[in-house]
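Fold and contact review
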Amino acid sequence: QVQLVESGGGLVQAGGSLRLSCAASRRTFSRYAMGWFRQAPGKGREFVAFITRTGGVTYYADSVKGRFTISRDNAKNTVYLQMNSLKPDDTAIYYCAADRDGGSSYRNENEYDYWGQGTQVTVSS
């Protein structure tokens, strides 16, 4: 069992930045690939970013590419999402998730084994 706790959400003006953190409870954190997803009001959960176990490879949704950066610190059992140039369309609850298999279906939420409770990000225009 892995417990994930997100933090760093809040209210920011368009064009601003936020850094989300996701802390894992297990020292085996480095065995998991990690993803970030988001869910806007009235919409389904959508893929945002993915990082492999070592952090050597990352993938992004087209909507955030060039603005968001995913990274991880395995010594701190933490994955981050740096969000720059935020837009009102980025408003959502952001979730981190752990993928034990680290497979190729990283855009599919069903690929993931553990989820955090989410953190709210609101971008005002």
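Read on for a plain summary of the structure. (Residues numbered from 1 in each chain as written. Predicted model: local features only at pLDDT ≥ 70, side-chain atom pairs only at ≥ 80, totals over all residues. Heavy atoms only, no water.)

1. Remarks on the pattern of salt bridges
With the rule as written, the count across this model stands at six salt bridges. Notably, a salt bridge pairs Arg38 with Glu46, separated by 2.6 Å at the nearest N-O pair. The salt bridge involving Arg38 is made with Asp90; its shortest N-O contact spans 2.9 Å. One end of the pair, Arg38, is in strand β4 (residues 33-39); the other, Asp90, is in the loop between β8 (78-83) and β9 (92-99), with 52 residues separating them in the sequence. Comparing Arg38 with Asp90, the two get one shared label, buried. (Salt bridge = Lys/Arg side-chain N within 4 Å of Asp/Glu carboxyl O. Helix = DSSP H or I, 4+ residues; strand = E, 2+ residues; numbered from the N terminus. Buried < 20%, exposed > 50% of the residue type's maximum accessible area, 1.4 Å probe, protein only.)

2. A word on the environment of Asp90
On the basis of relative accessible area, Asp90 is assigned to the buried category, the value being 1%. Measuring from C-alpha to C-alpha, the distance between Asp90 and Ala49 comes to 13 Å, with 41 residues separating the pair along the chain. Not counting residues within four places of it along the chain, the set of residues in contact with Asp90 comprises Arg38, Arg67, Phe68, Ser85, Val121 and Val123. Engagement of the side chain of Asp90 in a polar contact is seen with the side chain of Arg38, the distance being 2.9 Å. (Contact = heavy atoms within 4.5 Å. Polar contact = N/O pair within 3.5 Å; in protein donor to acceptor, adjacent residues only side chain to side chain.)

3. Comments concerning the packing of aromatic side chains
Within the structure shown, the criterion is met by 10 aromatic pairs. Seen from their ring centres, Phe37 and Tyr112 are 5.1 Å apart, and the 80° between their planes marks the pair as edge-to-face. Highlighted residues: Phe37 in strand β4 and Tyr112 in the loop between β9 and β10 (114-115), separated in sequence by 75 residues. Of the two residues, Phe37 and Tyr112, both sit in the buried class. Ring geometry for Tyr59 versus Tyr106: centroids 4.4 Å apart, planes at 10°, classification stacked. One end of the pair, Tyr59, is in strand β6 (residues 58-60); the other, Tyr106, is in the loop between β9 and β10, with 47 residues separating them in the sequence. (Phe/Tyr/Trp six-rings, centres within 6.5 Å; stacked < 30°, edge-to-face > 60°.)

4. Considering the state of the cysteines
Under the criterion given, the structure shown has one disulfide. Note that Cys22 is cross-linked by a disulfide to Cys96, the S-S spacing being 2.0 Å. Because the sign of the S-S torsion sets the handedness, a value of about 55° for the bond joining Cys22 and Cys96 places this disulfide among the right-handed ones. Taken together, the residues span a long stretch of sequence, with Cys22 in strand β3 (residues 18-24) and Cys96 in strand β9 at a distance of 74 residues. Comparing Cys22 with Cys96, the two get one shared label, buried. (Disulfide = S-S within 2.5 Å.)

5. A word on the environment of Thr122
Assignment of secondary structure puts Thr122 in strand β11 (residues 119-124). Looking at Thr122, the relative accessible area reads 29%, which means it is partly exposed. Along the backbone, Thr122 and Tyr59 are 63 residues apart, and their C-alpha atoms lie at a distance of 23 Å.

Keep in mind these numbers describe shape, not what the thing actually does.
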